Amino acid sequence: MSLLESRFQSFCARLISHTLATACIACQAFQAKTLCDACTEIISNEGLFNYECCSLCGTPLETAELVSQHCYSCLAEPPYFDTTLCLDRYDGILQNALHELKYHRRVAFAHGLADAWNIFMAQEGINSDASFLLPVPLSAEKLCSRGFNQAWEISRRIQCGHHIQKLPNALKRRHHEQVQAQASRTQRSQAIHEMFYLEKNYLKQLQNKNIIVFDDVMTTGATLNEIARILKDNGATRVMNWVVLRTPRPKLSRAQYV
Ligand SMILES: [Zn+2]
Ligand SMILES: [Zn+2]
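Colleague: What's the story with the overall build of the protein in this structure? I'm lost.
Modeller: Of regular secondary structure, the protein possesses 11 helices and 9 strands. Counting over 258 residues, the protein shows a buried share of 34%. A separation threshold of at least 6 residues defines the contact pool for the protein, and within that pool the share at least 24 residues apart is 73%.

Spelled out as structure tokens, the structure:
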């Protein structure tokens, strides 16, 4: 490439980035990236991946839990999944972007959230020994009303090694009455029992494989635990959760965990 061609290409790239300038998904600053440098710095310093978290459910550990590397809840009742990787806290700077995506149907925010994931988590996708990535599905009814599945819209854009195949249709969800967000862990666990199933065509493919389950938010972990149970019941070897935002766990005393 000649110097002239190179300069012309560089000029075109600058022109495109200015004419197609976007807004930062976190602070709405008008600039060229979906996540501005200042917000990238904030997540770099405060993202959940910086903290000592439970190796099973991804929640930040309290001091007394550091030795075991597991939270009291997972020690008392080990989940079916094997690991959980979270980008940030639910109450961090990406919460509004996720709300814009889910509740205002601004699908462009899925690009920004995937970009945020890729900035900090791309290496996880390259190093992972998983064979498949399954987004947590919506029921057909919910998909009709929302128009898209936010977990798939984000996960389809995240960077993974070529060895990881993304399967948006392997896991299915039956329609159930809405479970209240403030419902207790036990109530939610009962409500989601038998909510998910695997498409017959994929059963053989998933056997003896390591599988990533991708979700936008993890709250109690009951949904992801039920999915992991079904995957393990159908022969999956390991199940790893990848989650964009993790809600803080309720303030419980140790006596309530054990
Ligand atoms: Zn910003
Ligand atoms: Zn845990």
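Colleague: I would appreciate a short explanation of the pairing of strand β8 (residues 210-218) in the present structure.
Modeller: Regular strands have side chains that alternate between both faces of the sheet. Burial runs high along β8: 7 of the 9 residues are buried. Looking at chain direction, β8 and strand β9 (residues 238-246) are connected through 8 bridges and run parallel. Across the sheet, aspartate 215 pairs through a bridge with valine 243, a residue of β9. In this view, the connection linking β8 to its parallel neighbour β9 by way of helix α10 (residues 222-233) has right-handed handedness.

Colleague: What exactly am I supposed to notice about the environment of lysine 209 here?
Modeller: Considering the arrangement of structural elements, one finds lysine 209 in the loop between α9 (203-206) and β8. C-alpha of lysine 209 to C-alpha of alanine 130: the two residues are 79 residues apart in sequence and 7.1 Å apart in space. Not counting chain neighbours up to four residues away, the residues in contact with lysine 209 comprise Ser131, Phe132, Ala236 and Thr237.

Colleague: Help me understand the pairing of β9, please; the structure alone is not making it clear to me.
Modeller: Here β9 lies mainly inside the structure; 8 of its 9 residues are buried. In this structure, strand β3 (residues 83-89) lies alongside β9, joined through 6 bridges in parallel fashion. Note on β9: the bridge partner recorded for leucine 85 is tryptophan 242.

Colleague: Looking at this structure, I do not really get unusual backbone geometry. What am I missing?
Modeller: For glutamine 69, which is not a glycine, the phi torsion comes out positive at approximately 65°. With respect to the helices and strands, glutamine 69 occurs in the loop between α2 (37-46) and α3 (72-76). Looking at glutamine 69, the number of C-beta atoms within 10 Å reads 13, which means it is partly exposed. Backbone geometry places arginine 105, a non-glycine residue, at a positive phi of 55°. Structurally, the position occupied by arginine 105 is in the loop between α4 (95-103) and α5 (108-127). Residue arginine 105 is classed as exposed on the basis of its 12 C-beta neighbours within 10 Å.

Colleague: Would you take a moment to explain α10 for this structure?
Modeller: Since the α-helix advances by 3.6 residues per turn, residues separated by three or four positions end up pointing in the same direction. Counted at 1.5 Å a residue, the expected span for α10 with its 12 residues is 16 Å, and the 16 Å between its end C-alpha atoms agrees. Considered for burial, the residues of α10 that qualify are Ala222, Thr223, Leu224, Asn225, Glu226, Ile227, Ala228 and Leu231. Phi for glycine 235, located one or two positions after α10, is positive at around 100°.

Colleague: Looking at this structure, how should I read α4?
Modeller: Residues of α4 that are buried: Ala97, Leu98 and Leu101. All buried residues of α4 project into a common sector of 95° when viewed along the axis, lining one side. What points out from α4, more than 90 degrees from its buried face, is the exposed set His99 and Tyr103. Packing partners of the buried residues in α4 comprise α5, α7 (150-155), β8 and β9. At the exit of α4 stands arginine 105, carrying a positive phi of roughly 55°.

Colleague: Explain the sheet that holds β3 to me, please; I cannot follow it from the model alone.
Modeller: By definition, the strands of a sheet pair up through backbone hydrogen bonds, in either a parallel or an antiparallel sense. Read across the sheet, 5 strands follow the order β3-β9-β8-β4-β5 without closing on themselves; strand pairing throughout is parallel. With partners counted over all chains shown, the strands left at the sheet margins are β3 and β5 (165-166), one partner each. When strand β4 (residues 132-135) meets β8, the two strands line up parallel, connected through 4 bridges. From the neighbouring strand, proline 135 faces β8, where its bridge partner is phenylalanine 214. Running over the sheet, α10 touches β8 and β9 and is turned about 165° from β8.

Colleague: It is not clear to me how the packing of α4 against α5 should be interpreted in this structure. Could you clarify?
Modeller: Between two packed helices, both the angle of their axes relative to each other and the distance between the axes serve to describe the pair. Packing of α4 against α5 leaves a shortest axis separation of 8 Å and a crossing angle of 145°. Viewed along their axes, α4 and α5 form a crossing whose handedness is left-handed. For the pair α4 and α5, the contacting residues are Ala97, Leu98, Glu100 and Leu101 in the first and Phe109, Ala110, Gly112 and Leu113 in the second. For the contact of α4 with α5, a count of residues per class yields 6 nonpolar, 1 polar and 1 charged.

Cut-offs applied
- Residues numbered from 1 in each chain as written.
- Chains lettered and ligands numbered in written order.
- Predicted model: local features only at pLDDT ≥ 70, side-chain atom pairs only at ≥ 80, totals over all residues.
- Helix = DSSP H or I, 4+ residues; strand = E, 2+ residues; numbered from the N terminus.
- Buried ≥ 20, exposed ≤ 12 C-beta atoms within 10 Å, placed from the backbone.
- Contact = placed C-beta atoms within 7 Å.
- Pairing = 2+ DSSP bridges.
- Right-handed = clockwise from strand over helix to strand, strands pointing away.
- Expected span 1.5 Å × (residues − 1).
- Arc of directions from axis to C-beta.
- Axes fitted to C-alpha atoms, helices over the stretch in contact; angles between N-to-C directions.
- Left-handed = near helix turned anticlockwise from the far one by under 90°.
- Nonpolar A, V, L, I, M, F, W, Y, C, P; charged D, E, K, R; others polar.

The quantities given are spatial measurements derived from coordinates; they are silent on function.
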